[in-house]
Amino acid sequence: MDPIQAVIWDFGGVLTSSPFDAFNRFEAEHGLPKDFIRTINATNPESNAWARFESSAISLDGFDRLFEEESRDRGYPVPGRRVIEMLSGEVRPRMVQALRRCKAAFAVACITNNMKTGLGPSMAGSFARRTETGRVMALFDLIVESSVEGIRKPDPRIYELTCERLGVPPRACVFLDDLGINLKPARALGMHTIKVLDEDQAIADLQAATGLSFD
């Protein structure tokens, strides 16, 4: 791998707590099987309601209806709007501090699958800038949003686009995400990838990849 020039971050589940935790709480409270919502999102992942919403192919109303149809087909109808309400996680201060440390040494960018509506864990719009999440987003040199580009992770084009805009080759990048499906194409392009399982592990792996100290 080339010397590191950039660190690229996912947002939800990396710099914030995972929305999967909120999904599991909702499932437990409503008598749904554990990971039911994740299963819906993982079925037909290139063309389901979730994928179409994040690439701006459908509106919030369309997502609300189509997600409910998909979940009903699996036995438990869940309105799409209810899922969207669960996306915003809590900012992880230690991860934000690691981002700041990386920013002092490298270019830093965010690749986020999000929605034009301004809902979700990783929006960069005017409302988000007035929030804690927005202040974290403002740290990035570059933000690449699926809702703006019309392509989403794990499409390799979104990683290539990010590298082009940074002016950095993939082999000189570290990429952090909490989903293995999003890491695979980045790794195939030559990026050093880190799957974020928890803060301690992610920070230790980032330290090893970059040579920085986060103490």
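Further up the page is the structure itself.
Position labels on residues start from 1 in each chain and follow its written sequence. Local features are withheld for residues below a pLDDT of 70 in this predicted model, meaning they are given only at 70 or higher, and side-chain atom pairs are given and counted only at 80 or more; totals for whole chains, interfaces and linings count all residues. To get the side-chain values, all heavy atoms of the structure are used, and hydrogens and water are removed first.

Q: Just to check I follow, could you spell out the pattern of salt bridges for this structure?
A: Side-chain pairing between opposite charges can occur once the charged atoms of the two side chains come close. The term salt bridge refers to a pairing of a side-chain nitrogen on Lys or Arg with a carboxyl oxygen on Asp or Glu at a separation within 4 Å. The full count for this structure, using the stated rule, is twelve salt bridges. A salt bridge links Arg152 to Glu54, with the nearest nitrogen and oxygen atoms 2.7 Å apart. Of this pair, Arg152 sits in the loop between α8 (146-149) and α9 (156-166) while Glu54 is found in helix α3 (residues 49-54), placing the two residues 98 residues apart along the sequence. The residues Arg152 and Glu54 share a single accessibility class, namely buried. With a shortest N-O distance of 3.0 Å, Lys103 and Asp141 are connected by a salt bridge. Separated by 38 residues along the polypeptide, Lys103 in helix α6 (residues 93-105) and Asp141 in the loop between α7 (132-137) and β3 (142-145) bring together distant segments of the chain. Look at Asp141 and you get partly exposed, because its relative accessible area is 47%. Only runs of H or I of at least four residues qualify as helices and only runs of E of at least two qualify as strands under DSSP, and these elements are numbered from the N terminus. In this scheme, a residue with accessible area under 20% of its type's maximum is buried, one over 50% is exposed, and one in between is partly exposed, where area comes from a 1.4 Å probe on protein chains only.

Q: Is there a simple way to explain the pairing of strand β1 (residues 6-9) in this structure?
A: Two faces belong to every sheet, and in a regular strand the side chains alternate between them. Side chains Ala6 and Ile8 of β1 all project onto a buried face; the interleaved residues Val7 and Trp9 project onto the opposite face, where all are buried too. Across four bridges, β1 lies against strand β2 (residues 107-112) in parallel orientation. Bridge pairing in β2 links Trp9 to Cys110. Looking at chain direction, β1 and strand β4 (residues 173-177) are connected through four bridges and run parallel. Bridged to Trp9 within β4 is Leu176. Only strands that DSSP links by at least two bridges are regarded as paired with each other.

Q: How should I be thinking about the environment of Leu15 in this particular structure?
A: In this fold, Leu15 is placed in the loop between β1 and α1 (19-30). Residue Leu15 is classed as buried on the basis of its relative accessible area of 0%. Separated by 61 residues in the primary sequence, Leu15 and Tyr76 have C-alpha atoms spaced 31 Å apart. Beyond its immediate chain neighbours, meaning those up to four positions away, Leu15 contacts Trp9, Asp10, Glu90, Val91, Arg92, Met95, Val96, Leu99, Val136 and Phe140. Residues are treated as being in contact if the distance between any of their heavy atoms lies within 4.5 Å.

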